[in-house]
Amino acid sequence: MSAVVIDGVAAARQLHAVLRGAVLDLVERGATPGLAVVLVGDDPASSVYVRNKVRRSVEAGLRSFHHRLPASTSESDILALILRLNAAEDVDGILVQLPLPSHIDAQKVTAAIDPAKDVDGFHPINVGNLSLGASALVACTPLGCMLLIKSVRTDLTGLSAVIVGRSNIVGKPLAQLLLRENCTVTIAHSKTEDLPSVCRRADILVAAVGRARFVRGDWIKPGAIVIDVGINRIERDGNQQLVGDVDFEGAHTVAGALTPVPGGVGPMTIACLLRNTIEAACRRRGVSSPLANGAD
Ligand code: GUN
């Protein structure tokens, strides 16, 4: 068997087209969505992610506010900036790129963001509402994973889903989304016993551990949907290469469908950030969402 390769670039392009239309609609109604992105320090990977987020938001027609701060910025200065952005009328979404320098308490910063502008879905109110099954802004990577899973299978009822990785950004919120779809969900992690056999039970297997090619082909149930969230830079034959948390070649012959790295989950994460910003703008400004029938 050879897996269907789920094309995240094409899926994101389709979503961007819908989002662009939605933004035009809002601009016409005088409600142009605005996204503020805060980057502290000069971590090279974070700088690339932020550059892509800003570029995509401008392309989509959003107002973009980019705050680049030195690594030495104090926690109180960042909190003061967040308060200003919370109060800014033209800012609908606030994203503080993680990780933050070690002298800054990321949970404190996240909790300072107005939940209505928390387009990352990291604020405790949004996390809590997600787990209650209530309306919430949902973290972008898990949202992107769900859209990719649903692009190959719409009804997930009764399926066994295994997520390898228990992070607040991916593993935990994705578990909630899969539960909502009536999956039987397992979150596995570094202390899980006999991880290969746990993975082999999965109809949907999500790898989000941050370890290059960690999940091997023989850990995968034949026909499973495999979502690779990892982005790892490795050196191969003297060249830098991006690889996921799944051994793509090994998985390709076993899985039913599989996301590549690059070109899988990554582009969808950014598209979902813009989607959340548009949703946040509609809710804040009391206008009906033009996304209601197009971006799920
Ligand atoms: N760092 C890695 N992923 C993310 C993300 O989705 N949002 C933010 N703010 N920081 C990140």
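Up top you'll find the structure we're talking about.
Cut-offs applied
- Residues numbered from 1 in each chain as written.
- Predicted model: local features only at pLDDT ≥ 70, side-chain atom pairs only at ≥ 80, totals over all residues.
- Heavy atoms only, no water.
- Near = heavy atom within 4 Å.
- Polar contact = N/O pair within 3.5 Å; in protein donor to acceptor, adjacent residues only side chain to side chain.
- Nonpolar A, V, L, I, M, F, W, Y, C, P; charged D, E, K, R; others polar.
- Salt bridge = Lys/Arg side-chain N within 4 Å of Asp/Glu carboxyl O.
- Helix = DSSP H or I, 4+ residues; strand = E, 2+ residues; numbered from the N terminus.
- Buried < 20%, exposed > 50% of the residue type's maximum accessible area, 1.4 Å probe, protein only.
- Core = buried A, V, L, I, M, F, W, Y, C linked by side-chain atoms within 4.5 Å.
- Contact = heavy atoms within 4.5 Å.
- Pairing = 2+ DSSP bridges.
- Axes fitted to C-alpha atoms, helices over the stretch in contact; angles between N-to-C directions.

*Asks:* Could you give me a rundown of the site of the ligand, with the residues and numbers involved?
*Replies:* All residues in the neighbourhood of the ligand are listed as Lys53, Leu95, Val96, Gln97, Leu98, Asp120 and Phe122. A distance of 2.8 Å is found between a nitrogen atom of the ligand and a backbone nitrogen or oxygen belonging to valine 96. Class assignment of the residues belonging to the shell around the ligand gives a composition of four nonpolar, one polar and two charged.

*Asks:* Summarise the pattern of salt bridges; cite the residues concerned and give the values.
*Replies:* Inspection of every chain in the model, using the stated rule, returns 10 salt bridges. When the shortest N-O distance is used, the salt bridge between arginine 284 and aspartate 92 registers 2.6 Å. Taken together, the residues arginine 284 in helix H10 (residues 265–285) and aspartate 92 in the loop between helix H3 (75–87) and strand S4 (93–96) connect sequence positions 192 residues apart. Classification of arginine 284 by relative accessible area gives partly exposed; the value is 27%. One network of salt bridges, with partners in common, ties together Glu89, Asp92, Arg284 and Arg285.

*Asks:* Can you explain the nonpolar core? Please cite residues and give values.
*Replies:* Counting 54 residues, the largest nonpolar core has Ile149, Leu156, Leu178, Ile204, Ile227, Val229 and Ile278 as the members making the most contacts within it. In terms of residue count, the dominant contributor to this core is H10 (nine residues). Each residue touching leucine 156, except ones within four places of it in the same chain, is listed here: Met146, Ile149, Lys150, Leu178, Glu181, Asn182, Cys183 and Ile204. Val164, Leu195, Trp219 and Ala224 belong to the second largest nonpolar core, which has 20 residues in total.

*Asks:* Please give an account of the sheet that holds strand S11 (residues 257–258) that cites residues and values.
*Replies:* Two pairing modes exist for strands in a sheet, parallel and antiparallel, and in both the strands are linked by backbone hydrogen bonds. The strand order across the open sheet formed by six strands is S1-S11-S8-S7-S5-S6, and the pairing between neighbours is parallel. On the outer flanks of this sheet lie strand S1 (4–5) and strand S6 (184–188), each paired with one strand and no other. When strand S5 (residues 160–164) meets strand S7 (residues 204–207), the two strands line up parallel, connected through four bridges. Within S7, the position partnered with alanine 161 by the bridge is isoleucine 204. Along the sheet face, helix H7 (residues 171–180) touches S5, S6 and S7 and points at about 170° away from the line of S6.

*Asks:* Run through unusual backbone geometry, naming residues and quoting values.
*Replies:* Here the bond from leucine 98 into proline 99 is cis, since omega is 5°, no more than 30 degrees from zero. In this fold, proline 99 is placed in the loop between S4 and helix H4 (106–112). Note that the residue after valine 261, namely proline 262, is joined by a cis bond; omega there is 0°. Relative to the helices and strands, proline 262 resides in the loop between S11 and H10. Notably, arginine 213 is not glycine yet its phi reads approximately 50°, a positive angle. Of the residues examined, arginine 213 reaches a relative accessible area of 19% and is grouped as buried. Within the chain, aspartate 237 stands out as a residue other than glycine whose phi angle is a positive 50°. Here aspartate 237 lies in the loop between strand S9 (232–236) and strand S10 (239–243).

Note that every value here comes from positions in space, so none of it alone points to a role or purpose.
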